[in-house]
Amino acid sequence: MVRAGLTTERVVAAAADLADTAGFDKVTISALARGFGVKDASLYSHVKNLRDLRTRVAVLAAEELIDRIEAAVAGRAGKDALFAFADAYRTFALECPGRYAATQMRVDPAIVAEAPAYHRTLRTTSAMLRAYGLTEPDLTDAVRLLRSTFHGFTALEGDGGFEAPRPVQTSWERAVEALHFLLSNWASATGAP
């Protein structure tokens, strides 16, 4: 019997909250069921298995992240958009560590193809980079550069990896400024005609 008030949306939201407090790797059917005060079997009316639950958290987190990024970059272009994008990304990663970890999960391409959040992310990122005059294949390279830089920095920061006395915020701003310089000079930096 399904517990009254338990819906797929509530289950996924609770799993995302659990990811933020305990870690994405600690999201299990059993842990979630304990949180709801139900038996594990009660949750299988709402999710197929652990992989399905974690995938749903990943899709939810991707949607929440792009919501923040789109709100931040709205009406901005070039350097202003890059800084807004970067700051929204970093803030989400640090404020929602479990959800952020979920966004790094490899999701079945069929699910990605049907989830609007992933399309919005691609559109928003590509639009920001086109303001720098980038087209394919440089666009793909630039997306990979941004993602790896933002992910690497926030992962290290979230794990307490920056212990030097220099303020982390200053290093972040310098890193984003360096990305802006590189993107502004992409053709000369890559030897493109």
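Parameters at a glance
- Residues numbered from 1 in each chain as written.
- Predicted model: local features only at pLDDT ≥ 70, side-chain atom pairs only at ≥ 80, totals over all residues.
- Heavy atoms only, no water.
- Core = buried A, V, L, I, M, F, W, Y, C linked by side-chain atoms within 4.5 Å.
- Buried < 20%, exposed > 50% of the residue type's maximum accessible area, 1.4 Å probe, protein only.
- Contact = heavy atoms within 4.5 Å.
- Helix = DSSP H or I, 4+ residues; strand = E, 2+ residues; numbered from the N terminus.
- Expected span 1.5 Å × (residues − 1).
- Salt bridge = Lys/Arg side-chain N within 4 Å of Asp/Glu carboxyl O.
- Axes fitted to C-alpha atoms, helices over the stretch in contact; angles between N-to-C directions.
- Left-handed = near helix turned anticlockwise from the far one by under 90°.
- Nonpolar A, V, L, I, M, F, W, Y, C, P; charged D, E, K, R; others polar.
- Phe/Tyr/Trp six-rings, centres within 6.5 Å; stacked < 30°, edge-to-face > 60°.
- Lys NZ or Arg CZ within 6 Å of the ring centre and 35° of its normal.

Colleague: Got a minute to help me understand the nonpolar core in this structure?
Modeller: Among soluble globular proteins, nonpolar side chains are generally buried collectively. Formed by 54 residues in total, the largest nonpolar core has its most connected members in Leu43, Leu82, Leu129, Phe150 and Leu183. Not counting residues up to four positions away in its chain, the partners in contact with leucine 183 are Leu82, Leu129, Tyr132, Leu134, Ala142 and Leu146.

Colleague: Would you mind showing me how to read helix α5 (residues 78-95) here?
Modeller: Every α-helical turn comprises 3.6 residues, leaving residues that sit three or four positions apart pointing alike. With 18 residues, α5 extends 26 Å from end C-alpha to end C-alpha; this agrees with the ideal 26 Å at 1.5 Å per step. Within the span of α5, buried status applies to Gly78, Ala81, Leu82, Phe83, Ala84, Phe85, Ala86, Ala88, Tyr89, Arg90, Phe92 and Ala93. Buried positions along α5 lie against α4 (50-73), α6 (97-103), α8 (116-130), α9 (138-158) and α10 (168-184).

Colleague: Just to check I follow, could you spell out the pattern of salt bridges for this structure?
Modeller: A side chain with one charge may pair with a side chain of the opposite charge, provided their charged atoms come close. In this structure the tally under the stated criterion is ten salt bridges. The shortest N-O distance in the salt bridge between arginine 56 and aspartate 52 comes to 3.1 Å. Residue arginine 56 and its partner aspartate 52 are both found in helix α4; the two are separated by four residues, about one turn of the helix. A relative accessible area of 33% places arginine 56 in the partly exposed class. Of the residues examined, aspartate 52 reaches a relative accessible area of 13% and is grouped as buried. One salt bridge in this structure joins glutamate 64 and arginine 99, with 2.6 Å as the shortest N-O distance. Residue glutamate 64 is located in helix α4, and its partner arginine 99 is located in helix α6; the two are separated by 35 residues in the primary sequence. Looking at arginine 99, the relative accessible area reads 10%, which means it is buried. Overlapping salt bridges bring together Asp17, Asp20, Glu64 and Arg99 as one network.

Colleague: Sorry, what's going on with the packing of α5 against α8 here?
Modeller: Packed helices, taken two at a time, are described by the angle between their axes plus the distance between the axes. Packing of α5 against α8 brings their axes to within 9 Å, and their N-to-C directions diverge by 145°. Like other packed secondary-structure pairs, α5 and α8 cross with a definite hand, here left-handed. For the pair α5 and α8, contact is made by Ala81, Leu82 and Phe85 and by Thr124, Thr125 and Met128, respectively. Tallied by class, the residues present in the contact of α5 with α8 amount to four nonpolar, two polar and no charged.

Colleague: I'm lost on the packing of aromatic side chains in this one. Help?
Modeller: To describe a pair of aromatic rings, you give the distance between the ring centres and the angle between the ring planes. Evaluated as defined, the whole model comprises six aromatic pairs. Here phenylalanine 85 and phenylalanine 150 contribute two aromatic rings whose centre-to-centre distance is 6.1 Å and whose plane-to-plane angle is 35°, an arrangement assigned as tilted. Pair noted here: phenylalanine 85 is in helix α5 and phenylalanine 150 is in helix α9, with a separation of 65 residues, a long-range link. With respect to burial, phenylalanine 85 and phenylalanine 150 carry one shared label: buried. An aromatic cluster is defined as three or more aromatic residues linked by ring pairs; in this entry it consists of Phe85, Tyr89, Tyr100, Phe150, Phe153, Phe162 and Trp172. The ring of phenylalanine 24 has arginine 54 sitting right over it, with the charged end atom 5.7 Å from the ring centre.

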